[in-house]
Amino acid sequence: MSDHLSGARGLADPACDICDMFAFPSPELPGHLVLVMTVFPLAGPTALFSDAVEVRFRLRPVTVAGTRGEAHFAVGGDAEEIVFRTVFDEPDAAADDELAGQRGRCITPTGETVNVTVGDRGGGCGPGLRVFAGLASDPFIFDGASIMETLETGRMAFQDDRPNGLSGANVLALVIDVDRAQLGAGPLFAVVAETLSIGKRPVRLERVGRPEIKNIGMQWNAYDTVNRDVDIRDLYNEEDAFALGTHYLGAYRARLNANFRFYDGLDGKVDWPFTQNGNHPLTDLLLQDFLVVDISKPFTEDSYFEIEQAMLEGRDHTSCGGRSLNDDFLDTYYTLLINNGNGPRIRDSADQATVPASKTFPYVAPPNPAKTA
């Protein structure tokens, strides 16, 4: 599920478990960038943010540094990084017939603080900035039964009669809508979402850039002949997305190479011949694990991976890239992995979230009613 439950740490503490991350130009305010992070999968009606966890977005400018078989980005350095940090207070005491309240603070790259009341859909406001935090309908679109059957049987099992596996589910959402004037020149930015422990020595608990790298790409270990008995996702979560260490890089490559080869073979032909170095052509590009969004382009609802696809094809990109809340990106991803566009579009049966996202702040849909027994 995108990044839901992507490792033992997230399973143990859902308050630090990032479910999804989205980055897209605002469809409401031209010249603004929207950043969305969801945490706490299958959140109940009383779920609140942890006061022991910091949630943050990290952005760095990027440029296209290679195309076709050498497609990759050049990433700005530490000094160019832009960070939005959000922390939450301990929840207020609640009466027996009331839900607990909670407040948070978003600290901007310039050190200003924007206060936010959890659940207030009007959000908190600062110069060129709006912030929402609260319970929301899970925007992820996912036909889990089809992909699990595909992995278990080794054949494509996408069907038309299976529901969205997260229908009716809720998450905690953090939304930041920021004027691009606060971000520097750009126009291409790499975006990463992270959760960290709060303390004198913060620990990176989870991080998300591209969706489904850890679950679809790394979770399944049956085809990995190097690390078949290891769940490498928590190791991967601890890494800096902008500076992967060398110690486990071979393990990450081996897992992605094995699983990407599996997906490529599902249609009975090879659309992704391995490179001379023995890697799948997508492996190193996807290990640059961040969303890339072009803030000079207008909002587009279904532009996930278009920038990278243009790089692979040796052309200029035409869209904002990134990922919008209503983008059914999995169909794009399956098609890329299975046939690289050299065949029909691969579709699962889930086409939209429980409630589609809005084009106005706070963009995420209100929470679904609590399910009754």
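Here we come to the side chain of Ser 349. Here Ser 349 shows up in the segment after helix 8 (329–339). Judged by relative accessible area, Ser 349 falls into the buried class, the value being 13%. Within the structure, Ser 349 has its side chain in polar contact with the side chain of Asp 143 (distance 3.2 Å). Dropping the residues within four chain positions of it, Ser 349 is found in contact with Asp 143, Gln 159, Asp 160, Asp 161, Arg 162 and Pro 163.

Scanning the entire structure with this criterion turns up 15 aromatic pairs. Aromatic side chains Phe 140 and Phe 142 sit 5.3 Å apart centroid to centroid with 20° between the ring planes, which places their arrangement in the stacked category. Take Phe 140: its relative accessible area is 0%, and that puts it in the buried class. Put simply, the rings of Phe 140, Phe 142, Tyr 304, Phe 305, Phe 329 and Tyr 333 touch in pairs and so form one group of aromatic residues. Directly above the aromatic system of Phe 132 lies the positively charged group of Arg 121, at a separation of 5.7 Å from the ring centroid. Looking at Arg 261, its charged tip hangs above the ring of Phe 274, at a distance of 3.9 Å from the centre.

Right, let's talk about the layout of surface pockets for a bit. Looking at the largest pocket, its volume works out to about 420 Å³. Among the secondary structure elements, those contributing two or more residues to the lining of the largest pocket are helix 6 (283–286) and helix 7 (306–313). Sorting elements by how many residues they give to the lining of the largest pocket places helix 7 first, with 3 residues. Looking at the lining of the largest pocket residue by residue, the classes come out as 5 nonpolar, 9 polar and 4 charged.

Rules of the game
- Residues numbered from 1 in each chain as written.
- Predicted model: local features only at pLDDT ≥ 70, side-chain atom pairs only at ≥ 80, totals over all residues.
- Heavy atoms only, no water.
- Helix = DSSP H or I, 4+ residues; strand = E, 2+ residues; numbered from the N terminus.
- Buried < 20%, exposed > 50% of the residue type's maximum accessible area, 1.4 Å probe, protein only.
- Polar contact = N/O pair within 3.5 Å; in protein donor to acceptor, adjacent residues only side chain to side chain.
- Contact = heavy atoms within 4.5 Å.
- Phe/Tyr/Trp six-rings, centres within 6.5 Å; stacked < 30°, edge-to-face > 60°.
- Lys NZ or Arg CZ within 6 Å of the ring centre and 35° of its normal.
- 1 Å grid on protein atoms, 1.4 Å probe; cavity = no way out; pocket = protein on both sides within 12 Å on 5 of 7 lines; lining within 4 Å.
- Points joined across faces, edges and corners; volume = space filled by probe spheres on them.
- Nonpolar A, V, L, I, M, F, W, Y, C, P; charged D, E, K, R; others polar.

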